[in-house]
Every structure is written in C-alpha cells, then in structure tokens.
Amino acid sequence: MKRIVSIQDISCLGKCSLTVALPIVSAMGIECAILPTAVLSTHTMFQNFTCKDLTDQIGPIARHWKQEGIAFDAIYTGYLASADQVADVCRFFDAFKTPDNLIFVDPAMADNGKLYPAFGPEFPAEMAKVCAKADVIVPNLTEASLLTGLPYRTEYDEGYLRELIAALAELGPRHVALTGVSLEPGKLGVMAYDRATGETFTYFNDEIPVRYHGTGDVFASTCVGGLMNGLNLGQALALAADYTVECIRLTKHTPNSNWYGVEFERAIPMLLRSLHPEGA
C-alpha cells in the first residue's frame, strides 16, 4: 500500500484541511499519515474558535520518522499556520524527498483577491519557497497572483492565464495547475502546465453558482489520491474536478451549508466508481 503524509492544520469540526484529506485519501486506498501544523477547535468560519500552533512539533516528528526509517510516496502540504513553519516544511522536504516520490503543494493562503486574515503581506514570498521545492502546485487565481506579483483579475482571457502559469513555473515546480479558472460563461475548471514539455492541459465542468468553504482541500486531496493510484496529472485533475462538482451538487440543497463545507462523504461512492470504473 502506498503512503503519503499530509502537512496542514486539522480542524476538529468542519469540512476542510486534514478533516477532509484523511478520509478522502484513505477511501482511495492510500495510507494517509498526518503532520498537523495546528489544531483548531473548528474551522475559521466559526466564531471564537481555538487554535494551538504546532510549529515546535514539526521538527521532532520529522526526526522521529527519520530514525524509524519511514518513507513516503508523496508529501502533500496545505494550510501552514504561519511563516515560521516554512523553514521546517522545507527541511522536511529535504529529509524525505527521494527520486521516486512526489511533493504536492496546495499553497492555501488566499482567495477572492486577498490573503486569509492570519497572514501578513510577507507570507506569499515565504510560500513561494515551499512551491519552489514542489513537483506539483495547485494555486487558485488569488494565490497565483500573490506568488508571482502579477495583478489579480476577475476578468481575463487565456493569455492572462498562460502568463500566470508561466510565472508560477519559474518558481521551480515542474507542474502547475491553476484552479477555479473560466474561459467561457458557465464553465469552471483548471489549466495545467508542464514546464519540462511546454504542454498545457485544460479541463472544465459546468459551473454551479455557489461557493463552499473547503472545496480546495477536497480538490487537492482527490488529485493526490488519483496520482497515487497511477493516474497521470491530467486524469487526476479531471477526477478531482468531477468529484468536487459532485460534492457541491449533493450539498447545494442543504440550507446555510456554504460556510460549513461540502458533504463530501456522500459523494465518496461516486469517487470510487470513477477511480475504478472496471469494478462499477
């Protein structure tokens, strides 16, 4: 059985981060070890949540795993609790990277044109250091703008997206997948770029005009799981997009659910049928 480690926060209640990654990756038949960057009582859409920063645990956990000879087929990072954690995560990459494994970075730090409240203006430059060591990064438009210094636009054309992904590739990762993009009304999806070959891949679904907390985590976790199941990046991105849309479709009739997150558990049977159509 393949094993990944996911490095991000865990919200004890709510549909995001490790609370999403662990069950989705596990359902896809991959062991999912976790390295929590922080423990929150709930996700941050709740009021008065508690948060325990775990920066001081990243190094000791990594050293223990190294002593035990633990290896990972992929290292998947999401939300980091602070800029102080960047150096620890980069050291983790250096310690556990092999010629055969994969570093997958979701630079979860911003959306809708602005940084998340926990981060200061210096944070994108720190996150760029994490992206530089990755094999695959999956930023949204806001994160791509902040990582590259290019202007954030809500109205754009294909040329703008290509400029963004080229600038992201210059940070260092081989593969860039820009998420939540649209090139025609009613369609939403992903544009990916392979720096080594110069090839571009796009995949779009019909846009469902609602927004949910945590869908980026659903997408990234599914994409990692797909790659670990032998899919190529285009196939994994398409699977992740389809599953995320199905999660939204199943949740959209639940009142006031957009702030809480999607009911991804209900869509896991669809995910497994799509992943293993021969067993459907």
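In what follows, the structure referred to is the one given above.
Please read these numbers as outputs of a predicted model, since none were measured by experiment. (Residues numbered from 1 in each chain as written. Predicted model: local features only at pLDDT ≥ 70, side-chain atom pairs only at ≥ 80, totals over all residues. Heavy atoms only, no water.)

Q: Explain unusual backbone geometry here, please?
A: Glycine aside, residues mostly have negative phi, and peptide bonds are mostly found in the trans state. With a phi close to 50 degrees, Ser17 is a non-glycine residue in the positive phi region. Looking at Ser17, the relative accessible area reads 2%, which means it is buried. Even without glycine at this site, Asn48 takes up a positive phi of about 60 degrees. Looking at the element boundaries, Asn48 is found in the loop between strand 2 (31-40) and strand 3 (51-53). (Buried < 20%, exposed > 50% of the residue type's maximum accessible area, 1.4 Å probe, protein only. Helix = DSSP H or I, 4+ residues; strand = E, 2+ residues; numbered from the N terminus.)

Q: Teacher, can you tell me more about helix 9 (residues 268-275) here?
A: For an α-helix, the turn length of 3.6 residues means that residues three or four places apart are oriented alike. Among all positions in helix 9, only Ile268, Met270, Leu271 and Leu275 are buried. On an axial view of helix 9, the arc spanned by its buried residues comes to 155 degrees, and they lie on one face. Along its buried surface, helix 9 packs onto helix 1 (17-27), helix 7 (215-228) and helix 8 (233-251). (Arc of directions from axis to C-beta. Contact = heavy atoms within 4.5 Å.)

Q: For this particular structure, what's the right way to read the pattern of salt bridges?
A: In a structure, side chains of opposite charge can pair up when their charged atoms sit close to one another. Across all of its chains, the model carries 12 salt bridges by this definition. With a shortest N-O distance of 3.0 Å, Lys129 and Glu126 are connected by a salt bridge. With Lys129 and Glu126 both in helix 4 (residues 123-132) and 3 residues apart, the pair spans about one turn of that helix. (Salt bridge = Lys/Arg side-chain N within 4 Å of Asp/Glu carboxyl O.)

Q: Which parts of the structure should I look at to understand the pairing of strand 9 (residues 175-181)?
A: In the case of a regular strand, side chains alternate between the two sheet surfaces. For strand 9, the buried fraction is high: 6 of the 7 residues fall into the buried class. Note: strand 8 (residues 136-137) against strand 9, 2 bridges, orientation parallel. By the bridge assignment, Val136 is partnered in strand 9 with His175. Examined bridge by bridge, strand 9 and strand 10 (residues 187-194) share 6 bridges and lie antiparallel to one another. In the strand pairing of strand 10, His175 is matched with Asp194. (Pairing = 2+ DSSP bridges.)

Q: For this particular structure, what's the right way to read the nonpolar core?
A: Across soluble globular proteins, you tend to see nonpolar side chains buried next to one another. In this structure, Val5, Ile75, Phe92, Val105, Met127, Val130 and Leu178 are the most contacted members of the largest nonpolar core, which totals 45 residues. Membership of the second largest hydrophobic core comes to 26 residues, among which are Ala21, Phe104, Phe219 and Leu233. (Core = buried A, V, L, I, M, F, W, Y, C linked by side-chain atoms within 4.5 Å.)

Q: Looking at this structure, I do not really get the environment of Met109. What am I missing?
A: Position of Met109 relative to the elements: it lies in the loop between strand 5 (102-105) and strand 6 (110-111). For Met109, a relative accessible area of 0% translates into the label buried. Along the primary structure Met109 and Leu146 are separated by 37 residues, whereas in three dimensions their C-alpha atoms are 9.4 Å apart.

Q: Teacher, can you tell me more about the packing of helix 1 against helix 7 here?
A: Each pair of packed helices can be described by the angle between their axes along with the distance between the axes. Where helix 1 meets helix 7, the closest approach of the two axes is 9 Å, and the angle between their N-to-C directions is 35 degrees. Like other packed secondary-structure pairs, helix 1 and helix 7 cross with a definite hand, here right-handed. Facing helix 1, whose interface residues are Ser17, Val20, Ala21, Ile24 and Val25, helix 7 presents Asp217, Val218, Ser221 and Thr222. By residue class, the composition of the contact of helix 1 with helix 7 is 5 nonpolar, 3 polar and 1 charged. (Axes fitted to C-alpha atoms, helices over the stretch in contact; angles between N-to-C directions. Left-handed = near helix turned anticlockwise from the far one by under 90°. Nonpolar A, V, L, I, M, F, W, Y, C, P; charged D, E, K, R; others polar.)

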